[in-house]
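# Structural overview
Residues per chain, in single letters:
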Amino acid sequence: MSDSDDTYDSFDERDALCSFLPQGDPIVGLRQRNRRKFWEECDSLAAEIPGLKEVKEILEEDVISELEEEERAGCPLPSTPEDPALFEQEVKEVLKVGLRDLDLGTLMNCAREPAEELVRKVWESWSVCHFHHLPRWLQDNDYLHHGHRPPLPSFMQCIKSIFRIHTETGNIWTHLLGCIAFIAVMVVFVSRSSEVVPISHKIALTPFFLGVILCLGLSAAFHAFSCHSEFVGKIFSKLDYCGITILITGSFVPWLYYGFYCQIQPMIIYLTIVVVLGIMAMIVSLWDKFSESRFRPLRAAVFTTFGLSGVIPAIHYTILEGWLNAVYFASLGWLILMGVLYILGALIYTFRIPECLFPGKFDIWFQSHQIFHVLVIAAAFVHLHGITEMFTYRMSIGACAVQSATFIT
């Protein structure tokens, strides 16, 4: 083999190496410089070896044509074989090396952290926000600054939010626990034998129990689902106000039943008036704008007026039977205490005490709505104690004919 053939083969080997280099790689330029250096060395031999100059010109023409062809086509990217089978083989080799050197303990730790993060996001998937970040339909009490739930357009998320801390946590649990307590009391009362509690007395007290349970249950549901959407919030708001109306109506029934037990006509008249007023209050409660924040005083006024309408039959009873009989046998004192608690709760609810005095300090606990809820439950238990005394008294004296002989004179 001649020297020119060896030289040509050396360039073929270098060109094969270049096929794995990107266009414009510094090594390509180095190859070109080496070629020029080689021919400069060969110039010194041209005088000694005849015909070397012609060989040089022929090879230079071939090299220039190859370089022009490379510039047009470009070199393949490194580690990117053009053959798909070769590429697949390289991937397999990389995976084998990676799996051999893999630290499984580190991998498990790295996988556990995203898993824990995923569980947290699935369970929580939201965070409390500032009052000003709420949509307008969720902005109710601007004295509560932080800890508000954002809109949660999922009933499951709303249910899960019951177990988290935010501005509605206290409102939900106060009435939810109260509802459960009155369900237990009602079950105990209704399950007693007819000899201990006659059917007529069970029927008389059942409207009160149902009123309390519905009121507290619908209230807890409203506070749980009010953040679902504007439409759902309005529906549960109306149900909440209807529950208050049912509570007031149901509270009247046992007192009027036992108070006018022997005066059927006034009993029927007062019960009819109470039912009519309850229906009217319920109709007002279904008004779309009734739940808006600016109508808070109107809501308090409607329900307070409805509750205070019980003053009229109480005065009537006192005139008929006397003050002492009204206090001792009609539980008038407990009735007054119940009214005071309801009115106090309505005033605190209306004027938003204490958060109006210390904005941002009662965002989570001891806000006005929570105090109002506690007072409603307290008033319901006070009324339960009062009508229980009236029931006990009625069971002890028997028929109405004996009643006048046992009254205090």
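Residues numbered from 1 in each chain as written. Predicted model: local features only at pLDDT ≥ 70, side-chain atom pairs only at ≥ 80, totals over all residues. Heavy atoms only, no water.

- Per an unreviewed UniProt entry, the chain is named Adiponectin receptor, and its organism is Nezara viridula.
- A UniProt comment under Sequence similarities (unreviewed entry) is attached to the chain, and it reads "Belongs to the ADIPOR family."
- Per UniProt, the chain carries the Subcellular location (unreviewed entry) text "Membrane". (UniProt positions renumbered as here; feature names shortened; annotations may be inferred.)

### Some points on the packing of helix α9 (residues 230-259) against helix α15 (residues 368-397)
- In the contact formed by α9 and α15, the axes pass within 9 Å of each other and the chain directions differ by 20 degrees. In terms of orientation, α9 and α15 fall into the roughly parallel class. In terms of crossing hand, the pair formed by α9 and α15 is left-handed. Only Val-376, His-383, Ile-387, Met-390, Phe-391 and Arg-394 of α15 make contact with α9, whose side of the interface consists of Leu-247, Ser-251, Pro-254, Trp-255, Tyr-258 and Gly-259.
- Across the contact of α9 with α15, the residue classes tally to 8 nonpolar, 3 polar and 1 charged. (Axes fitted to C-alpha atoms, helices over the stretch in contact; angles between N-to-C directions. Helix = DSSP H or I, 4+ residues; strand = E, 2+ residues; numbered from the N terminus. Parallel < 35°, antiparallel > 145°, perpendicular 65-115°, else oblique. Left-handed = near helix turned anticlockwise from the far one by under 90°. Contact = heavy atoms within 4.5 Å. Nonpolar A, V, L, I, M, F, W, Y, C, P; charged D, E, K, R; others polar.)

### Let's talk about the UniProt feature "transmembrane region" (unreviewed entry) in the chain
- Per the UniProt annotation, the sites labelled "transmembrane region" (unreviewed entry) are residues 172-191, 203-227, 239-261, 267-288, 300-320, 326-351 and 371-388.
- A distance of 32 Å separates the end C-alpha atoms of residues 300-320, which is 90% helix and 0% strand.
- Structurally, residues 326-351 is divided into 92% helix and 0% strand, and its ends, taken at the C-alpha atoms, are 34 Å apart.

### Regarding a nonpolar patch on the surface
- There is a patch of nonpolar side chains on the surface, built from Leu-308, Val-311, Ile-315, Ile-319, Ile-343, Leu-347, Phe-351, Ile-353, Leu-357 and Phe-358 and spanning about 940 Å² of accessible area.
- Along the chain, the position of Ile-353 falls in the loop between α14 (332-351) and α15. (Patch = residues over 30% accessible without salt bridge, like charges linked within 9 Å, V, L, I, M, F, W, Y side chains within 5 Å. Areas by Shrake-Rupley, 256 points an atom, 1.4 Å probe, with all protein chains shown as cover. Salt bridge = Lys/Arg side-chain N within 4 Å of Asp/Glu carboxyl O.)

### Section: the side chain of Ser-251
- Examined against the element boundaries, Ser-251 turns out to sit in helix α9.
- Here the side chain of Ser-251 touches Leu-247 through a polar contact of 2.7 Å, landing on its backbone oxygen.
- Beyond its immediate sequence surroundings of up to four residues, Ser-251 is in contact with Phe-208 and His-383. (Polar contact = N/O pair within 3.5 Å; in protein donor to acceptor, adjacent residues only side chain to side chain.)

### Remarks on the state of the cysteines
- One pass over the full model with this rule turns up 1 disulfide.
- Between the sulfur atoms of Cys-262 and its disulfide partner Cys-400 the distance amounts to 2.1 Å. Of note, the bridge from Cys-262 to Cys-400 carries an S-S torsion of about -95 degrees and is left-handed in sense. Of this pair, Cys-262 sits in the loop between α9 and α10 (264-285) while Cys-400 sits in the loop between α15 and α16 (403-406), and the two are 138 residues apart along the sequence. (Disulfide = S-S within 2.5 Å.)

### Some thoughts on helix α8 (residues 199-225)
- For α8, spanning 27 residues, the distance from its first C-alpha to its last is 37 Å, which sits close to the expected 39 Å at 1.5 Å a residue.
- Approximately 30 degrees is the largest bend angle found in α8, and it occurs at Leu-205, with the proline Pro-207 only one to four residues beyond. (Expected span 1.5 Å × (residues − 1). Bend = angle between axes of the 7 residues up to and from the residue.)

### Describing the packing of aromatic side chains
- A full pass over the atoms with the stated rule returns 23 aromatic pairs.
- Taken together, Phe-182, Phe-189, Phe-208, Phe-209, Tyr-257, Tyr-258, Tyr-261, Phe-381 and Phe-391 form an aromatic cluster joined through their ring pairs.
- One residue, Arg-164, lies across the ring of Trp-126, its end atom 3.8 Å from the ring centre. (Phe/Tyr/Trp six-rings, centres within 6.5 Å; stacked < 30°, edge-to-face > 60°. Lys NZ or Arg CZ within 6 Å of the ring centre and 35° of its normal.)

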